[in-house]
Amino acid sequence: MPQHKSAIKRLRQSEKKRKHNNSRRSKMRTHIKKVLNETDKETAEKYLKEAVSYIDRLSVKGIIHQNNAARKKSKLTNHVNNL
């Protein structure tokens, strides 16, 4: 356990951020699954637009790395194009 006041605060803040970021990553995975499980091209394109927008937002905020975001978007786009 941390002993200093600043270390205690840092522990409290990092725990709060970890929970918040985990919920955002979970939401991203849900968006991805929606796109991959869709068989109709029109609805898949709608879900793709939402997913790409959300992935970009997480990338800008630093929750996921830029290359990771690019890889996920590429995978989803290829999937929709092959429907």
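In case you missed it, the structure is sitting above this.
Residues numbered from 1 in each chain as written. Predicted model: local features only at pLDDT ≥ 70, side-chain atom pairs only at ≥ 80, totals over all residues. Heavy atoms only, no water.

Engineer: Talk me through the packing of helix H1 (residues 5-37) against helix H2 (residues 41-61); I want residue IDs and the actual numbers.
Structural biologist: Between H1 and H2, whose axes approach to 9 Å, the crossing angle comes to 155°. Regarding the angle of H1 to H2, the classification is roughly antiparallel. Crossing hand, H1 versus H2: left-handed. On H2, the residues touching Arg24, Lys27, Met28, His31, Ile32, Lys34 and Val35 of H1 are Ala44, Tyr47, Leu48, Glu50, Ala51, Tyr54, Ile55, Leu58 and Lys61. Its residues assigned to classes, the contact of H1 with H2 comprises ten nonpolar, one polar and five charged. (Axes fitted to C-alpha atoms, helices over the stretch in contact; angles between N-to-C directions. Helix = DSSP H or I, 4+ residues; strand = E, 2+ residues; numbered from the N terminus. Parallel < 35°, antiparallel > 145°, perpendicular 65-115°, else oblique. Left-handed = near helix turned anticlockwise from the far one by under 90°. Contact = heavy atoms within 4.5 Å. Nonpolar A, V, L, I, M, F, W, Y, C, P; charged D, E, K, R; others polar.)

Engineer: Give a description of helix H3 (residues 66-81) that names residues and reports values.
Structural biologist: Taking 1.5 Å of rise per residue, 16 residues should cover 22 Å, and H3 covers 22 Å from first to last C-alpha, within 8% of that figure. For H3, the secondary structure elements touched by its buried residues are H1 and H2. (Expected span 1.5 Å × (residues − 1).)

Engineer: Hey, could you go over the environment of glutamine 66 for me, with residue numbers and the actual values?
Structural biologist: Structurally, glutamine 66 is set in helix H3. Put simply, glutamine 66 and isoleucine 55 are eleven residues apart on the chain and 9.4 Å apart in space, counted from C-alpha to C-alpha.

Engineer: Break down the nonpolar core for me, with residues and values.
Structural biologist: In terms of nonpolar packing, the biggest core is built from 14 residues, with Met28, Ile55, Leu58, Ile64 and Leu76 touching the most fellow members. Listed by contribution, the elements that provide at least two residues to this core are H1, H2 and H3. Setting aside anything within four residues of it in sequence, one finds isoleucine 64 in contact with Arg25, Met28, Ile55, Leu58, Ser59 and Ala69. (Core = buried A, V, L, I, M, F, W, Y, C linked by side-chain atoms within 4.5 Å. Buried < 20%, exposed > 50% of the residue type's maximum accessible area, 1.4 Å probe, protein only.)

Engineer: Explain the side chain of serine 59 residue by residue, including any values.
Structural biologist: When you line up the elements, serine 59 lands in helix H2. Among residues more than four places away in sequence, those in contact with serine 59 are Ile64, His65, Gln66 and Ala69.

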